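Coordinate analysis (summary)
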Amino acid sequence: MNRNLNNIVNCGDKICATLECNGRCLARVNGMGFTGIDAVKRALLDLAGHYVGMAVLTVRNCTQGWRDVTALATMRRPVFTPQTAMVALSPRNGAQYLIPWAS
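A brief report on the enclosed structure follows. (Residues numbered from 1 in each chain as written. Predicted model: local features only at pLDDT ≥ 70, side-chain atom pairs only at ≥ 80, totals over all residues. Heavy atoms only, no water.)

**Digging into the nonpolar core**
Filter applied, for reference: By nonpolar core we mean a set of buried residues, namely Ala, Val, Leu, Ile, Met, Phe, Trp, Tyr and Cys, connected to one another through side-chain atoms within 4.5 Å. Exposure categories follow from relative accessible area, calculated using a 1.4 Å probe and restricted to protein chains: below 20% of the type maximum is buried, above 50% is exposed, and the middle band is partly exposed. Strands here are runs of E lasting at least two residues and helices are runs of H or I lasting at least four, both read from the DSSP assignment and numbered beginning at the N terminus. A contact between two residues is defined here by any heavy atoms of the two lying within 4.5 Å.
Judged by nonpolar contacts, the single largest core of 19 residues is most densely connected at I15, L19, L44, Y51 and V59. Mapped onto this core, the elements with two or more residues apiece are strand 1 (15-21), strand 2 (24-31), helix 1 (37-48) and strand 3 (53-61). When residues of this core are assigned to their parent elements, the largest contribution, five residues, is made by helix 1. In this structure, L44 is in contact with A17, T18, L19, A27, R28, V29 and L57, ignoring residues within four places of it in sequence.

**With respect to helix 1**
Cut-off, in case you're wondering: Under the convention used throughout, the expected extent of a helix is 1.5 Å for every residue step, that is, one less than its residue count.
For helix 1, which comprises twelve residues, the first-to-last C-alpha distance of 17 Å matches the rise-based estimate of 16 Å (1.5 Å per residue) to within 8%. Where helix 1 is buried, its residues meet strand 1, strand 2, strand 3 and strand 4 (66-74). In the stretch just after helix 1, G49 is the one whose phi turns positive, near 75°.

**A few points about the pattern of salt bridges**
Keep this limit in mind: One speaks of a salt bridge when a side-chain nitrogen belonging to Lys or Arg is within 4 Å of a carboxyl oxygen belonging to Asp or Glu.
Within the structure shown, the criterion is met by two salt bridges. Note that D68 is salt-bridged to K41, the shortest N-O span being 3.3 Å. Of this pair, D68 sits in strand 4 while K41 sits in helix 1, and the two are 27 residues apart along the sequence. Across the pair, K41 and D68 agree in class, each one buried. As a salt-bridge pair, R42 and D46 come within 4.0 Å of each other at their nearest N and O atoms. One end of the pair is R42 and the other is D46, both in helix 1 and four residues apart, which spans about a single turn.

**Considering the sheet that holds strand 2**
Where we set the bar: If DSSP finds at least two bridges between two strands, the strands pair. The convention used is that axes are lines fitted to C-alpha atoms, helices contributing only their stretch in contact, and that angles between N-to-C directions extend from 0 to 180 degrees.
With antiparallel pairing, the four strands of this open sheet are ordered in space as 2-1-3-4. The open sheet has two free edges, formed respectively by strand 2 and strand 4, since each of these has just one partner strand. Along the sheet, successive strands turn relative to each other by an average axial angle of 15°, direction set aside. Pairing of strand 3 with strand 4 involves nine bridges; the strand directions are antiparallel. When the bridges of strand 4 are listed, L57 appears paired with T70. Contacting strand 1, strand 2, strand 3 and strand 4, helix 1 crosses the sheet at an angle of about 135° to strand 2.

Shown next, in the form of structure tokens:
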């Protein structure tokens, strides 16, 4: 996650960070004691939970005076349970299949 080696987070640095998606704040962290920028980003993602779309992750180190802005994208993926997978694979009884290219 860390692209810039100048953005170093020390344990005593004051960090203000947010994760925003579709114009609303999903998570916000203000504090000290983070071991690195990856720890800050992981804390925000853990607080935000599952989201869909493009999110903007902003980390500001108030002690050193830098800010890092990162874009994160997620896609919605269908969750298949074994029961729905079996229904989708089993042939239908008493119903006619539609073939899109033949109609």
